[in-house]
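Summary of structural features
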Amino acid sequence: TVFIYDGMEHCPTATITVNGNVLNPMSDYKIVCDNNVKVGSDVAHIAVKSQDGGNFLFTDYEVNFSILPVVISITDSTIFEKTFDGGNAATVKVNAVSFKAPGDSIEVTTAAKFNNASAGTNKKVSITYGLAGPDKDNYVLAYNTAVYNKGVINKREAILVWNTPDTFVYDGLKHGVSATVEM
């Protein structure tokens, strides 16, 4: 039996028949599962009570089952604008995913870059996604990479700083000026 993680307890069901009679799971037998919320494999123990004053007695038996990670998608993210700095690193924040069980702690991590470091709009941004947090093993991303054409690198303002005096006293000599561009 296989279940998909949803943050809830899971336990397989069983139909037990004795001499053509279907036993009642509420009164004739009990299924016990431990560690049945998180992703992984487990064993369900089924204990059947004796019937008709002890006419039959079953020993416990086991049923294997698994809980698989749920596949989630990123449903909302923000690519932050930046000012030209000579690099192509981009900053992306994931705002929402398609499913997260109540009480779970997961974070979608990102590594992003612009296709080049030049200023511009509608720039291609490549993003690699990952999962972090104590409950990350209960989830699998539907996709680990994405490319969007909505990045912005704004032009950086250049400031011209004059390194020489702005006035000269005539002395018959040729004078030059110099300046430094600060970013």
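Before any of the text, the structure's been laid out above.
Before going into details, it helps to say that this report is about the structure given with it.

1. Some points on the sheet that holds strand 1 (residues 2-4)
With respect to topology, 4 strands assemble into an open sheet ordered 1-6-5-4, the strand pairing being mixed. Each edge of the open sheet is held by one strand with a lone partner, namely strand 1 and strand 4 (29-33). Each adjacent strand pair in this sheet contributes to an overall mean axis angle of 30°, direction not counted. Where strand 4 meets strand 5 (residues 40-48), 5 bridges bridge the pair, whose relative direction is antiparallel. Its bridge partner being in strand 5, Tyr29 is matched across the sheet by Val48.

2. Describing the nonpolar core
Core analysis: the biggest nonpolar cluster contains 25 residues, and Val125, Ile127, Tyr129 and Tyr139 have the highest contact counts within it. Of all the secondary structure elements, the ones that give two or more residues to this core are strand 6 (61-68), strand 7 (70-72), strand 8 (74-79), strand 11 (92-97), strand 12 (107-114), strand 13 (120-132), strand 14 (139-141) and strand 15 (145-154). Ignoring sequence-local partners within four residues, the contact set of Tyr139 consists of Tyr5, Pro69, Val70, Ile72, Phe99, Lys100, Ala101, Asp104, Ile106 and Leu131.

3. So, the packing of aromatic side chains
Evaluated as defined, the whole model comprises 4 aromatic pairs. Judged by centre distance (6.0 Å) and plane angle (80°), the ring pair of Phe3 and Phe65 falls under edge-to-face. With Phe3 in strand 1 and Phe65 in strand 6, this pair connects stretches of sequence that are 62 residues apart. With respect to class, Phe3 is no different from Phe65; both count as buried. Between Tyr5 and Tyr139 the ring centres are 5.5 Å apart and the planes differ by 75°, which places this aromatic pair in the edge-to-face class. One end of the pair, Tyr5, is in the loop between strand 1 and strand 2 (17-18); the other, Tyr139, is in strand 14, and 134 residues separate them in sequence. For the pair shown, Tyr5 and Tyr139 are each scored as buried. Through successive ring pairs, a cluster of aromatic residues spans Tyr5, Phe99 and Tyr139.

4. A word on the state of the cysteines
A full pass over the atoms with the stated rule returns 1 disulfide. A disulfide bridge connects Cys11 with Cys33, and the sulfur atoms are separated by 1.7 Å. One quick way to see it: the torsion about the S-S bond of Cys11 and Cys33 is about 65°, and its sign makes the bridge right-handed. In this pair, Cys11 is assigned in the loop between strand 1 and strand 2 and Cys33 in strand 4, connecting sequence segments 22 residues apart. Exposure remark for Cys11: the relative accessible area of 27% places this residue in the partly exposed category.

Cut-off values and rules
Residues numbered from 1 in each chain as written. Predicted model: local features only at pLDDT ≥ 70, side-chain atom pairs only at ≥ 80, totals over all residues. Heavy atoms only, no water. Pairing = 2+ DSSP bridges. Helix = DSSP H or I, 4+ residues; strand = E, 2+ residues; numbered from the N terminus. Axes fitted to C-alpha atoms, helices over the stretch in contact; angles between N-to-C directions. Core = buried A, V, L, I, M, F, W, Y, C linked by side-chain atoms within 4.5 Å. Buried < 20%, exposed > 50% of the residue type's maximum accessible area, 1.4 Å probe, protein only. Contact = heavy atoms within 4.5 Å. Phe/Tyr/Trp six-rings, centres within 6.5 Å; stacked < 30°, edge-to-face > 60°. Disulfide = S-S within 2.5 Å.

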